[in-house]
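Residue-level structural notes
Chain residues, written in single-letter form:
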Amino acid sequence: MPYLVLITALWAFSFSLIGVYLAGQVDAWFSVLLRVALASCVFLPFIFKVKLPRTRIYQLMAIGAVQLGVMYGFYYHSFLYLSVPEVLLFTVMTPLYISILNDLLDKRFNWHNLLVAILAVFGAVAIRYQGVDGEFLFGLALVQGANLCFAIGQVSYKRVMTNRTLAHHTVFGWFFVGALMIAGLCYVLFGNSSQLPTTTMQWSVLIYLGLIASGLGYFGWNYGATKVDVGTLAVMNNLLIPAGIFVNLLIWNREADILRLSLGTGIIVFALVLNHFLNRRR
């Protein structure tokens, strides 16, 4: 769990850095490509130190493609429609997706997960109860797509790598290879070459996000995921929300409707408490 706490503190700054310096200014697909490419450079040298079965390589590449490549596509574009606090609050669904996916893989279904998920969505909409429009709903859908991809990656990596004798850093490069393939393809198909970084700050933010937040961050998070149970992993996903909002309001002093944020957060927290209570009863 210390790994998850440390990466949570590291990632708390990422949301604001993207929202303040990159969203709407730098092409989202270029940001994704450069971030994944830089992260790949951290771990690619290690993959030649151990020989893996092809099946394991393909599994790690597929996990990286979904958890990082596809997820970033949803995630970066959501900042065009939502504020940083809203993006953070709407990631609250990730623990529920983790729980549901784990249940599906264990071939069991709990109806209360669906109930709580719907309740959490109402909490998200309550934050913008006077301003719900097509763009807001589209932004909400983008965040949920990112949440689902992130949850799939965590659950899959935990199942593939738990109790393995392999050193994680020697195989994690394949994770980034899969992500890089998706990021490169998406940039070729959808990227805008006229919207590249133009300032030192933008380049600095992208380098930090690539080498530190993605390179070391995703390794530390996924490695930490193999050391805890599914319930702890689900809860730790939500620790990022208050940390990220605190950083955004404290450092960047972004205006936010505290009443609406409190109302929506209250509903979402109630959904999480209800989920915990129902799990305890089960």
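Please refer to the structure higher up on the page.
Read on for a plain summary of the structure.

Moving on, we come to the packing of aromatic side chains. Under the definition given, this model contains 19 aromatic pairs. Between Tyr 72 and Tyr 76, the ring centres sit 5.7 Å apart and the planes meet at 90°, which makes this aromatic pair edge-to-face. With Tyr 72 and Tyr 76 both in helix α4 (residues 54-78) and 4 residues apart, this pair spans about one turn of that helix. Overall, Tyr 72 belongs to the buried group, its relative accessible area being 1%.

With that out of the way, let us pick up a nonpolar patch on the surface. Together, Phe 13, Phe 246, Leu 250 and Ile 251 give the surface a local cluster of nonpolar side chains, amounting to about 420 Å² of exposed area. Relative to the helices and strands, Phe 246 resides in helix α11 (residues 230-251).

The next thing to look at is the environment of Trp 221. Positionally, Trp 221 belongs in helix α10 (residues 200-225). Its relative accessible area of 2% is what places Trp 221 among the buried residues. Put simply, Trp 221 and Gln 154 are 67 residues apart on the chain and 8.7 Å apart in space, counted from C-alpha to C-alpha. In this view, Trp 221 contacts Leu 4, Ile 7, Thr 8, Trp 11, Phe 150, Gln 154, Leu 233, Met 236 and Asn 237; residues no more than four positions away in its chain are not counted.

In a regular helix each residue adds 1.5 Å, so 26 residues correspond to 38 Å; α10 covers 35 Å between its end C-alpha atoms and thus fits that length. At Leu 209, α10 shows its largest kink, close to 35°.

Here we come to the packing of helix α3 (residues 28-43) against α4. At a closest axis distance of 9 Å, the pairing of α3 and α4 adopts a crossing angle of 140°. With respect to α4, the axis of α3 lies oblique. When the axes of α3 and α4 are compared, the crossing they make is right-handed. Facing α3, whose interface residues are Ala 28, Trp 29, Ser 31, Val 32, Arg 35 and Val 36, α4 presents Leu 68, Tyr 72, Gly 73, Tyr 75, Tyr 76 and His 77. In the contact of α3 with α4, the residues fall into 8 nonpolar, 3 polar and 1 charged.

Let us look at helix α2 (residues 14-22). Counting buried residues along α2, 7 of its 9 residues qualify, which places the element largely inside the surrounding structure. Of all the positions in α2, only Ser 14, Phe 15, Ser 16, Leu 17, Ile 18, Val 20 and Leu 22 are classed as buried. Looking one or two residues past α2, Gly 24 carries a phi angle of roughly 80°, positive in sign.

One pass over the full model with this rule turns up 1 cavity of 30 Å³ or more. There is about 320 Å³ of room inside the largest cavity. Forming the walls of the largest cavity are 20 residues, and the residues nearest its centre are Phe 15, Tyr 75, Thr 91, Phe 150 and Leu 240. Elements with a contribution of two residues or more to the lining of the largest cavity: α2, α4, α8 (134-161), α10 and α11. The residue inventory of the lining of the largest cavity, partitioned by class, reads 13 nonpolar, 6 polar and 1 charged.

Where α2 contacts α10, the axes come no closer than 10 Å and their chain directions differ by 155°. Judged by the angle between their axes, α2 and α10 are roughly antiparallel. In this structure, the crossing between α2 and α10 has a hand that is left-handed. Here Ser 14, Leu 17, Ile 18, Tyr 21 and Leu 22 of α2 lie close against α10, whose contacting residues are Met 201, Gln 202, Val 205, Leu 206, Tyr 208, Leu 209 and Ala 213. Among the residues forming the contact of α2 with α10, the class breakdown is 10 nonpolar, 2 polar and no charged.

Before going further, it helps to spend a moment on the nonpolar core. Core analysis: the biggest nonpolar cluster contains 78 residues, and Leu 68, Met 71, Tyr 72, Tyr 75, Tyr 76 and Tyr 218 have the highest contact counts within it. For this core, the leading source of residues is α8, giving 11 residues.

Calculation criteria
Residues numbered from 1 in each chain as written. Predicted model: local features only at pLDDT ≥ 70, side-chain atom pairs only at ≥ 80, totals over all residues. Heavy atoms only, no water. Phe/Tyr/Trp six-rings, centres within 6.5 Å; stacked < 30°, edge-to-face > 60°. Helix = DSSP H or I, 4+ residues; strand = E, 2+ residues; numbered from the N terminus. Buried < 20%, exposed > 50% of the residue type's maximum accessible area, 1.4 Å probe, protein only. Patch = residues over 30% accessible without salt bridge, like charges linked within 9 Å, V, L, I, M, F, W, Y side chains within 5 Å. Areas by Shrake-Rupley, 256 points an atom, 1.4 Å probe, with all protein chains shown as cover. Salt bridge = Lys/Arg side-chain N within 4 Å of Asp/Glu carboxyl O. Contact = heavy atoms within 4.5 Å. Expected span 1.5 Å × (residues − 1). Bend = angle between axes of the 7 residues up to and from the residue. Axes fitted to C-alpha atoms, helices over the stretch in contact; angles between N-to-C directions. Parallel < 35°, antiparallel > 145°, perpendicular 65-115°, else oblique. Left-handed = near helix turned anticlockwise from the far one by under 90°. Nonpolar A, V, L, I, M, F, W, Y, C, P; charged D, E, K, R; others polar. 1 Å grid on protein atoms, 1.4 Å probe; cavity = no way out; pocket = protein on both sides within 12 Å on 5 of 7 lines; lining within 4 Å. Points joined across faces, edges and corners; volume = space filled by probe spheres on them. Core = buried A, V, L, I, M, F, W, Y, C linked by side-chain atoms within 4.5 Å.

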